[in-house]
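# Overview (structure and organization)
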Amino acid sequence: MKYTLIGYPLGHSMSPWIHERLFMLSNRKAEYNLTEFPPEQLAEKIPELKKLKGFNITIPYKTDMLAYMQELHETAKRYSAVNCVATDSNGKSYGYNTDCDGFLRSVENMPLDKKVLLIGCGGVGRMMATEAVIHGADLTISEPNQEKANALAEELYKNYQNAKIRIAQADKLDENFDFIMNASPVGMYPNINACPVSDNLIQKCEAVFDVIYNPTETLLVKKAKAFGKKAVGGSAMLVWQAVRAHEIWDNDSYDLEDIQKLISDMEQEINQLFPVKE
């Protein structure tokens, strides 16, 4: 059985490493590779992709893939994005969004239903904002592109009448937040000495989530831990969204301890591939 990740450009991806480990845990013989091609080739690649039992999608194809699905799971409809496809024996393709599953598993012990500050509202930020609103958060969005932030707020108000949202720039804020979430690239390798919020905001919060997984501990996560706050990086989200894909494709299930070890092992692998110079 073969599976793949499509995107452009893909660069270095941890996906094959994660999925191969998950196949091993479920005693399933399968291959997982990377398929990189430019956007103009997407349409011609679809028949070939649909011969696979399943595949994953990353930038820039998450939205484009909607048009090629015969059926969309509610998660794909909610975010207008597909990152996981399952194809049945009749060639019918089903589109899912497993990013939200990975995110929610990562923050299940975090105060997502309280006063939340979200940094960045790109693709993953939109999903995180939506989940925060669904959970009843009092949400503040900090995004340098004011037009993008306004559009997201309008969309959320339209879909969720009880939404509590405001837009503000993080560097202008001086107040308490229960939960700070970073969905921006600030702090990502190789710019590891950048932090999206001030020490003051971190000290005042209860918990932090950073979607970045390289480095495994961003400066934001390090500072939060140093201040005694609960803090989680993006490795858990990356692994849990992959776990959800295997549940969809093959109805596999995993022990929590095995997944936690997989997350830890992946972080060690990233640290070896991208050593951080102190």
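Below, the structure is looked at part by part. Computed from a predicted model, the values in this text were never measured in an experiment.

The computed volume of the second largest pocket comes to approximately 340 Å³. Along its surface, the second largest pocket is lined by 15 residues, and Ser106, Val232, Ala236, Gln260 and Ile263 are the ones closest to its centre. Elements with a contribution of two residues or more to the lining of the second largest pocket: α4 (99-106), β12 (230-232), α9 (235-250) and α10 (256-273). Here the lining of the second largest pocket takes 4 residues from α10, the largest share from any one element.

With that settled, the discussion passes to the pairing of strand β3 (residues 54-57). In β3, alternate side chains face the same way, and those of Gly54 and Asn56 on one face and Phe55 and Ile57 on the other are all buried. Examined bridge by bridge, strand β1 (residues 2-7) and β3 share 4 bridges and lie parallel to one another. Paired with Thr4 across the two strands is Phe55, which belongs to β3.

Attention now moves to the packing of aromatic side chains. Overall, the coordinates contain 5 aromatic pairs when judged by the stated rule. Between Tyr3 and Phe23, the ring centres sit 5.1 Å apart and the planes meet at 35°, which makes this aromatic pair tilted. Placement of Tyr3 in strand β1 and of Phe23 in helix α1 (residues 15-25) is noted, with a sequence separation of 20 residues between them. Classification of Tyr3 as buried rests on a relative accessible area of 2%. The exposure class assigned to Phe23 is buried, which follows from its relative accessible area of 2%. The rings of Tyr3, Phe23 and Trp249 are connected pair by pair, giving a single aromatic cluster. Above the plane of the ring of Trp240 lies Arg105, whose end atom (NZ or CZ) is 3.8 Å from the centre.

We now examine the nonpolar core. In this structure, Phe103, Met128, Leu139, Phe179, Met181 and Phe209 are the most contacted members of the largest nonpolar core, which totals 30 residues. Looking at this core, the elements that each hand over two or more residues are α4, β7 (115-119), α5 (123-134), β8 (138-142), α6 (146-159), β10 (179-182) and β11 (207-210). Considering each element in turn, this core owes the most residues, 5 residues, to α5. Apart from the residues within four sequence positions on either side, Phe209 is in contact with Phe103, Ser106, Val107, Met128, Phe179, Ile180, Met181, Asn182, Val232, Gly233 and Met237.

With that settled, consider α5. Here α5 contains 12 residues, and its C-alpha end-to-end distance of 17 Å stays within 8% of the 16 Å for a straight helix at 1.5 Å per residue. Every buried residue of α5 is listed here: Gly125, Met127, Met128, Ala129, Thr130, Glu131, Ala132 and Val133. Directly beyond the C-terminal end of α5, a positive phi value near 90° is found at Gly136.

Thresholds applied
Residues numbered from 1 in each chain as written. Predicted model: local features only at pLDDT ≥ 70, side-chain atom pairs only at ≥ 80, totals over all residues. Heavy atoms only, no water. 1 Å grid on protein atoms, 1.4 Å probe; cavity = no way out; pocket = protein on both sides within 12 Å on 5 of 7 lines; lining within 4 Å. Points joined across faces, edges and corners; volume = space filled by probe spheres on them. Helix = DSSP H or I, 4+ residues; strand = E, 2+ residues; numbered from the N terminus. Buried < 20%, exposed > 50% of the residue type's maximum accessible area, 1.4 Å probe, protein only. Pairing = 2+ DSSP bridges. Phe/Tyr/Trp six-rings, centres within 6.5 Å; stacked < 30°, edge-to-face > 60°. Lys NZ or Arg CZ within 6 Å of the ring centre and 35° of its normal. Core = buried A, V, L, I, M, F, W, Y, C linked by side-chain atoms within 4.5 Å. Contact = heavy atoms within 4.5 Å. Expected span 1.5 Å × (residues − 1).

Note that every value here comes from positions in space, so none of it alone points to a role or purpose.
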